[in-house]
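# Survey of secondary and tertiary structure
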Amino acid sequence: MHSDVLVVGAGITGMMAALHLADAGARVTLVDAGENAGTWANAGSLHVQMQSRFMRLYPDQVPAVEASLPLYKAAAEEWVRLDAFYGPFELVRKGGLMLAEGTVQLRFLEDKAKRETARGLTVEMLDRPALDRIAPWLGPQIVGAELCHDEGKLNPLIANARLLAELGRRGIVTIRDRILGIEQGSDGVTAQGQSGTYQADQALIASAWGAGDMVRGLGVTIPTRAEPLHMNITEAAAVSIGHLIQHAERSITLKQLGQGQIVIGGGWPARDRGRIMPPEVLAASFLGNVALAARLVPQIGGLRVIRTWAGMNTTADGGSTIGRLPQASRVVMALPGDAGYTLGPLVARMAAGVALGTAPEADMGRFAPARFAA
Ligand SMILES: Cc1cc2nc3c(=O)[nH]c(=O)nc-3n(C[C@H](O)[C@H](O)[C@H](O)COP(=O)(O)OP(=O)(O)OC[C@H]3O[C@@H](n4cnc5c(N)ncnc54)[C@H](O)[C@@H]3O)c2cc1C
């Protein structure tokens, strides 16, 4: 089978890239191995401010994330546009609160807020009386917070289902196959899958943790790694939480869906069981994650957890990777950096623009795969 663009990976990035390409008139083949997509496990936080968890775990990657902050802000705006066009996805953009439980954490947030303001984010520090006006349900030990007005939340299951339906309307069906390798010839690319061979003028790689291995033979070593993470969701709560909630030091995100349930996550580990099996839920992560949520919002302590699961995130060097491979110019990478569900649609549009030859909308140099060239 021969198409204009072969899209590998049908998570949020691959789905959105396929939509943009098809809408521009390209014949698209979409192939996905059906293995552990972060897109179908994620929490639906629209992250813009730097996450304290990430800063603590990956300090060497913070410069790449900090330099990309304008991309995060633009990515949240991209989701607002998508919500208007294909939604509603229960998208709410009231902002995100990062909570402090003491003065050291408050100082950390104040410094972070200055750095983020310098990169164009809309952030402010709130003291406890100011917090009480917008989040009176917070625990008594919270002394203040950073509020990032650019942040938001949505229901990813609704968004994914709607975008999948849009693909179906355009006649794009995901082919289940695992791509083992890609070669570039003089007139196109050939991707060898476990079940088939795919030929196209170009390939767009949106296979997240699976991307590094796939393109290693093409002269780049992109250090994509799978990171198994834990999630919980409670029954519907009486409390009304409008903001995305995080903590200045501890790993947590919590937010309320449109039907009242509280989604609790934020990077607690799960156990890797390989690429085919979903990661295994760890009791320590389950207990630690919900206990922390109940400490921050005491009313959560009275709720039942109705489901707990784990999924595969992807890490690389902190930055997004968008653009043509230096030694295989028919292969376009579309790999969002940290918080890839937030970034996915914008990264997809930028990568599709590269494949279509339309002018890039941002300075693409920072995201170029050439930084990984062997
Ligand atoms: C528990 C959890 C919570 C998260 N919460 C958030 C959040 O709240 N906000 C946020 O912004 N981000 C969040 N993330 C991160 C986010 O989900 C991912 O970064 C994002 O979904 C990546 O999207 P993607 O389309 O690039 O890749 P994925 O959704 O990971 O999809 C990659 C696809 O590539 C396919 N693939 C891989 N290798 C091959 C191959 N060789 N051949 C064919 N197909 C292949 C896989 O089958 C998979 O379907 C979370 C992640 C997890 C795990």
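Model, not experiment: these values are computed from the prediction.

## Focus: the site of the ligand
Contacts to the ligand come from 38 residues, most closely from Thr13, Asp32, Thr39, Ile179 and Thr342. At a separation of 3.0 Å, an oxygen atom of the ligand approaches a polar backbone atom of Gly38. Ala43 places a main-chain nitrogen or oxygen 3.1 Å from a nitrogen atom of the ligand. Here the ligand loses 96% of its free accessible area of 1,000 Å² to cover by the protein chains. Elements with a contribution of two residues or more to the shell around the ligand: helix H1 (12–23), strand S12 (225–236), strand S16 (305–315) and helix H10 (340–356). A domain split of the shell around the ligand shows at least three residues from each of domain 1 (2–40 + 158–224 + 317–372) and domain 2 (91–152 + 225–315).

## Focus: the domain arrangement of the chain
The assigned domain composition of the chain is domain 1 (2–40 + 158–224 + 317–372) and domain 2 (91–152 + 225–315). Look at where the C-alpha atoms of domain 1 and domain 2 centre, and you get two points 30 Å apart. At the junction of the two partners, domain 1 supplies 10 residues and domain 2 supplies 12 residues. Note on domain 1 versus domain 2: buried area summed over both sides is about 1,000 Å², and carbon and sulfur give 44% of it.

## Overview of the packing of H1 against helix H4 (residues 69–86)
For the pair H1 and H4, interaxial distance at closest approach is 14 Å and the crossing angle is 65°. The chirality of how H1 crosses H4 is left-handed. Residues Ile12, Met16, Leu19, His20 and Asp23 of H1 form the contact with H4, whose own contacting residues are Glu78, Trp79, Leu82 and Tyr86. Residues of the contact of H1 with H4, tallied by class, amount to six nonpolar, one polar and two charged.

## Examining the pattern of salt bridges
The full count for this structure, using the stated rule, is 23 salt bridges. The partner of Glu166 in a salt bridge is Arg169, and the shortest N-O contact between them spans 2.6 Å. Taken together, the residues span about one helical turn, with Glu166 and Arg169 both in helix H7 (residues 156–169) at a distance of three residues. Relative accessible area serves as the criterion here: at 13%, Glu166 is assigned to the buried category. By relative accessible area, which is 61% here, Arg169 ends up exposed.

## Topic: the packing of aromatic side chains
All chains considered together, the criterion is met by four aromatic pairs. Summarising the aromatic geometry, the rings of Phe54 and Tyr58 are spaced 5.2 Å apart at their centres and angled 50° between planes, so their arrangement reads as tilted. Residue Tyr58 is classed as buried on the basis of its relative accessible area of 17%. Taken together, Trp79, Phe89 and Tyr341 form an aromatic cluster joined through their ring pairs.

## Describing the pairing of strand S14 (residues 253–256)
Side chains Thr253 and Lys255 of S14 all project onto a buried face; the interleaved residues Leu254 and Gln256 project onto the opposite face, where all are buried too. As paired elements, strand S13 (residues 244–247) and S14 share two bridges and run antiparallel to each other. Note that in S14 the partner of Gln246 across the bridge is Thr253. Connecting S13 to the antiparallel partner S14 that follows it, the hairpin turn spans five residues. Bridge count between S14 and strand S15 (residues 261–265): four bridges; the pairing is antiparallel. If you follow Lys255 over to S15, its bridge partner there is Val263. Between the end of S14 and the start of S15, which pair antiparallel, lie four residues, with Gly260 showing a positive phi angle near 105°.

Conventions adopted
- Residues numbered from 1 in each chain as written.
- Predicted model: local features only at pLDDT ≥ 70, side-chain atom pairs only at ≥ 80, totals over all residues.
- Heavy atoms only, no water.
- Near = heavy atom within 4 Å.
- Polar contact = N/O pair within 3.5 Å; in protein donor to acceptor, adjacent residues only side chain to side chain.
- Areas by Shrake-Rupley, 256 points an atom, 1.4 Å probe, with all protein chains shown as cover.
- Helix = DSSP H or I, 4+ residues; strand = E, 2+ residues; numbered from the N terminus.
- Domains from an automatic or database assignment.
- Contact = heavy atoms within 4.5 Å.
- Buried area = accessible area lost by both parts, 1.4 Å probe.
- Axes fitted to C-alpha atoms, helices over the stretch in contact; angles between N-to-C directions.
- Left-handed = near helix turned anticlockwise from the far one by under 90°.
- Nonpolar A, V, L, I, M, F, W, Y, C, P; charged D, E, K, R; others polar.
- Salt bridge = Lys/Arg side-chain N within 4 Å of Asp/Glu carboxyl O.
- Buried < 20%, exposed > 50% of the residue type's maximum accessible area, 1.4 Å probe, protein only.
- Phe/Tyr/Trp six-rings, centres within 6.5 Å; stacked < 30°, edge-to-face > 60°.
- Pairing = 2+ DSSP bridges.

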